[in-house]
Amino acid sequence: MSFVVTIDGPSAAGKSTVAREVAARLGFLYVDTGALYRALALKLQRQGGSPDQQDAVERMLEGTLLDLSGAPDQPHVWLDGEDVSGQIRTPEVSELSSRLAVIPAVRQRLVQFQRSLRERGPLVGEGRDLGTVVFPDAEVKIYLDADALTRARRRTHEFEQRGLPVALEQVQAEIERRDERDRTRADSPLRAAGGAIIIESSGRDVETVVQEVLRAVLAGPGCPPMMPRSQDATLGPPLGPGGRPGSDRAD
Ligand code: DC
């Protein structure tokens, strides 16, 4: 089984930035599990469905093909053969993905797919339940946290950079609502895994946090040798319509 680093934590704690950088420097695959929940949420949104209609959600899952591809600095998520990477970062999809994530059938399907990614090579995965549920035997587990205001500021800045002006207070309220749902759901709630290294990122720059994670990875036994940046790992070529063999059909 390939070497796995898990990075869990609440929204906008800096997981993506840190996980991508660590994956790129180690030459590992970068696995953004939130993107899978978001892609499913986008499908539900397009269909005009609701997460409250669990039967309909389960039917939707049966006909859904998901995949991840790309190097850590350019990850892509595929929904039924379409690259939806540019469409999953809206506030509506964020809210819908958090509501879908409480449904055990949804989690089961996505966890199954996430585990299969380990066959593609050593990876750095980020999400909410990677150290607790998806990869309980991961070689290195990190729990990355930051205070609510820091996280809201980061998310607001991201939206502004994408030309979507939003009020800080509104972003903070949305983040806190989603985090509360993610922490209190019955199935796979957000929490630090046993043995996880807890890193608080408020007031710290990315490089310091990346170095702390890299030290933990390189100190552990069994870490594959670091690969030069030019060989950054990629999860495979982008999918064309219809997917490719080995992609996940969530049925
Ligand atoms: O990391 P993110 O904000 O892109 O994730 C979107 C939602 O997906 C998040 O509110 C909770 C859910 N999620 C989850 O339940 N488990 C994961 N491993 C990843 C994301």
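The following paragraphs examine the structure supplied in this document. All of these numbers come straight from a predicted model, not from anything done at the bench.

**A closer look at the site of the ligand**
Lining the immediate environment of the ligand, one finds 15 residues, of which Arg 38, Arg 107, Arg 128, Asp 129 and Arg 185 sit closest. Measuring from an oxygen atom of the ligand, one finds a side-chain N or O atom of Arg 38 at 2.6 Å. Within the contact set of the ligand, a nitrogen atom lies 2.8 Å away from a side-chain nitrogen or oxygen of Asp 129. For the ligand, whose unbound accessible area comes to 440 Å², protein coverage reaches 97%. With respect to the detected pockets, the ligand is housed in the largest pocket. Broken down by secondary-structure element, the contributors of at least two residues to the shell around the ligand are helix H2 (33-47), helix H4 (91-100) and helix H8 (168-184). Counting residues per element, the shell around the ligand draws most heavily on H2, which supplies 4 residues.

**Remarks on the packing of helix H7 (residues 148-161) against H8**
Relative orientation of the contacting elements H7 and H8 amounts to 115 degrees, with a least axis distance of 9 Å. Classified by chirality, the crossing of H8 by H7 is right-handed. Counting all contacts with H7, which are made through Ala 148, Leu 149, Arg 151, Ala 152, Arg 153, Arg 155, Thr 156 and Phe 159, the residues of H8 involved are Leu 168, Val 171, Gln 172, Ile 175, Glu 176, Arg 178 and Asp 179. For the contact of H7 with H8, a count of residues per class yields 7 nonpolar, 2 polar and 6 charged.

The rules behind the values
- Residues numbered from 1 in each chain as written.
- Predicted model: local features only at pLDDT ≥ 70, side-chain atom pairs only at ≥ 80, totals over all residues.
- Heavy atoms only, no water.
- Near = heavy atom within 4 Å.
- Polar contact = N/O pair within 3.5 Å; in protein donor to acceptor, adjacent residues only side chain to side chain.
- Areas by Shrake-Rupley, 256 points an atom, 1.4 Å probe, with all protein chains shown as cover.
- 1 Å grid on protein atoms, 1.4 Å probe; cavity = no way out; pocket = protein on both sides within 12 Å on 5 of 7 lines; lining within 4 Å.
- Sits in = over half its atoms within 2 Å of the grid points.
- Helix = DSSP H or I, 4+ residues; strand = E, 2+ residues; numbered from the N terminus.
- Axes fitted to C-alpha atoms, helices over the stretch in contact; angles between N-to-C directions.
- Left-handed = near helix turned anticlockwise from the far one by under 90°.
- Contact = heavy atoms within 4.5 Å.
- Nonpolar A, V, L, I, M, F, W, Y, C, P; charged D, E, K, R; others polar.

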